[in-house]
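One letter stands for each residue in the lines below.
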Amino acid sequence: MTRVIQWATGVTGTMSLRHVINRPDLDLVGVRVYDPDKDGVDAGGLCEGPVTGVLATTNRDAIINTDADVVLYMGKVETDTPGCFADVCDLLSSGKNVVATGSRFIHPRSLHESLADGIENACRAGGSSFLGVGLYPGFFGEALAPVLSRLTQRTRRISVREVLDYSTYASHDLVFNAMGYGHDPEDTAPLLSNTDYAASAWIGSATVLAQSLGLEIRSVTGFREVVTTPRDLTVAAGQIPAGTVGAMRFGVEVDCGETTMAVEHLTRMADDLAPDWPTEIGYEITFEGEPNMRVHLVIGSHDEDHSAQGCLATAMHAINAIPTVIAAEPGLYDLSSIAPFVAHWTNR
């Protein structure tokens, strides 16, 4: 039985928590929450699950001192990078393996040497392992594009793109404070209004893909474009006034010599915004070369909510990585260096 701590219970964290509770091979031993209203609540009550006897806590130190084999870390690394990396290092130093979601965990060294050094030192101290995963970034480009490359003779350009409707995504902090929806296009307060910061969300993905293909990155150029909404919009995360940001695309162009790569995210809050941009919901990889290829993935393919299903996919990617991360030698891993893994379904 693998002892698991769930760290954070936002949209993805709640889905992860529900699955851990229901898995017979996983033993939930701790839940870290940030909302005082969740403090002391049984874990099952946070995800419409059965009573577990495990009470959620806002006490960071209590969780770090809880015995466990692995932590599913889903804190808000996009808005509190230093704090989340400090959490992860303390968890690793305490001897617990960590599987984390969030773009800034996908390849820490591509953001700053000190972030990777801190994790590596913590892994040595605790004899533990770390892996950052996700969906996009954290899976689609990093895991699927290298497999597709087996079919190619040569490739001039690899493009990886996500197109989503975020109108049903309920995280006010991410949608408004981080991404900048509902703000004036010139407002510099949102984190992603900074082009370099926006680009940093994808440099880890591009780096892992380049490593998998044996490519050397020569330069990286970030970009961010926004489109305003002509009318007021009511979305799951709140109100978006007319004249403020209602659609955006951002990412990186990467020069690898004979091969270039592009990794971008495109999202809108209404179907009719930015009609000149790609509109087909889902995830796309294109190879331009010999042969030319295009793969399109839809998560939530039976008219489910794409954002919710994407969060479920992210949670499951983290959970399915648990056995491989625990079995790995201590250290910092990414999807180009960790052993391949698949789902571990159980007979019910």
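The shown structure was predicted, so the numbers you read here are calculated from the model rather than taken from an experiment.

With an omega dihedral of 0°, the bond running from Tyr-136 to Pro-137 counts as a cis peptide bond. With respect to the helices and strands, Pro-137 occurs in the loop between β5 (129-133) and α6 (140-148). One non-glycine residue, Ala-8, lies in the positive phi region at around 90°. Position of Ala-8 relative to the elements: it lies in the loop between β1 (2-7) and α1 (11-22). A positive phi is found at Glu-48, a non-glycine position, where the angle reads about 60°. Under the relative-accessibility criterion, Glu-48 is labelled exposed at 79%.

Time to look at the UniProt feature "domain: 2,4-diaminopentanoate dehydrogenase C-terminal" (unreviewed entry) in the chain. Mapped onto this numbering, the UniProt entry gives "domain: 2,4-diaminopentanoate dehydrogenase C-terminal" (unreviewed entry) at residues 147-338. From the first C-alpha to the last, residues 147-338 spans 15 Å; its make-up is 26% helix and 35% strand.

For the coordinates displayed, the defined rule picks out zero disulfides. In this structure Cys-89 is a free cysteine whose sulfur lies 8.0 Å from that of Cys-123, the closest cysteine sulfur available. When its relative accessible area of 1% is taken as the criterion, Cys-123 is described as buried.

As a further point, take the pattern of salt bridges. Applying the stated rule across the entire model yields 16 salt bridges. Measuring nitrogen to oxygen at the nearest pair gives 3.2 Å for the salt bridge that ties Asp-69 to Arg-3. One end of the pair, Asp-69, is in the loop between α2 (60-64) and β3 (70-73); the other, Arg-3, is in strand β1, with 66 residues separating them in the sequence. For Arg-3, a relative accessible area of 32% puts it in the partly exposed group. Its salt-bridge partner being Glu-264, residue Arg-249 comes within 2.8 Å of it at the nearest N-O pair. Remark: Glu-264 occurs in strand β11 (residues 259-268) and Arg-249 occurs in strand β10 (residues 245-256); sequence separation between them is 15 residues.

For β10, a buried count of 10 out of 12 residues is recorded, marking the element as mostly surrounded by other parts of the structure. By the bridge criterion, 10 bridges tie strand β7 (residues 219-228) to β10 in an arrangement that is antiparallel. Among the inter-strand pairings, Gly-222 is bridged to a residue of β10, identified as Val-252. Across 10 bridges, β10 lies against β11 in antiparallel orientation. Looking at β11, one finds that Met-248 is bridged to Thr-267. Turn length for the β10-β11 hairpin, with the two strands adjacent in sequence and antiparallel, is two residues, and the turn residue Gly-257 shows positive phi of about 80°.

Another point: the packing of aromatic side chains. Scanning the entire structure with this criterion turns up 10 aromatic pairs. Both rings, one in Tyr-136 and one in Phe-140, keep their centres 6.5 Å apart while their planes meet at 55°; by these two values the pair is tilted. Given the relative accessible area of 9%, Tyr-136 is considered buried. Ring geometry for Phe-140 against Tyr-283: centres 5.7 Å apart, planes inclined by 55°, an arrangement best described as tilted. Taken together, the positions of Phe-140 in helix α6 and Tyr-283 in strand β12 (residues 282-290) put the pair 143 residues apart, joining distant regions of the chain. For Phe-140, a relative accessible area of 0% gives the class buried. Overall, Tyr-283 belongs to the buried group, its relative accessible area being 3%.

The rules behind these values
Residue positions are given per chain, counted from 1 along the sequence in the order it is written. Since the coordinates come from a predicted model, pLDDT governs what is reported: local features require at least 70, and pairs of side-chain atoms require 80 or more to be given and counted, while whole-chain, interface and lining totals use all residues. The side-chain numbers reported here are obtained from all heavy atoms of the structure, hydrogens and water having been left aside. Each helix corresponds to a stretch of at least 4 residues labelled H or I by DSSP, and each strand to a stretch of at least 2 residues labelled E; elements are numbered beginning at the N terminus. Partly exposed residues are those whose accessible area sits between 20% and 50% of the maximum for their type, while under 20% is buried and over 50% is exposed, using a 1.4 Å probe and protein chains only. UniProt positions are given in the numbering used here, feature names are shortened, and annotations may be inferred rather than shown by experiment. Count a disulfide wherever a pair of cysteine sulfur atoms falls within 2.5 Å. Only one rule defines a salt bridge in this text: a Lys or Arg side-chain nitrogen within 4 Å of an Asp or Glu carboxyl oxygen. Any two strands with at least two DSSP-identified bridges between them are counted as paired. Centres within 6.5 Å make a pair out of two Phe, Tyr or Trp rings, where for Trp the six-membered ring is used; the pair is then stacked when the planes are under 30 degrees apart, edge-to-face when over 60, and tilted otherwise.

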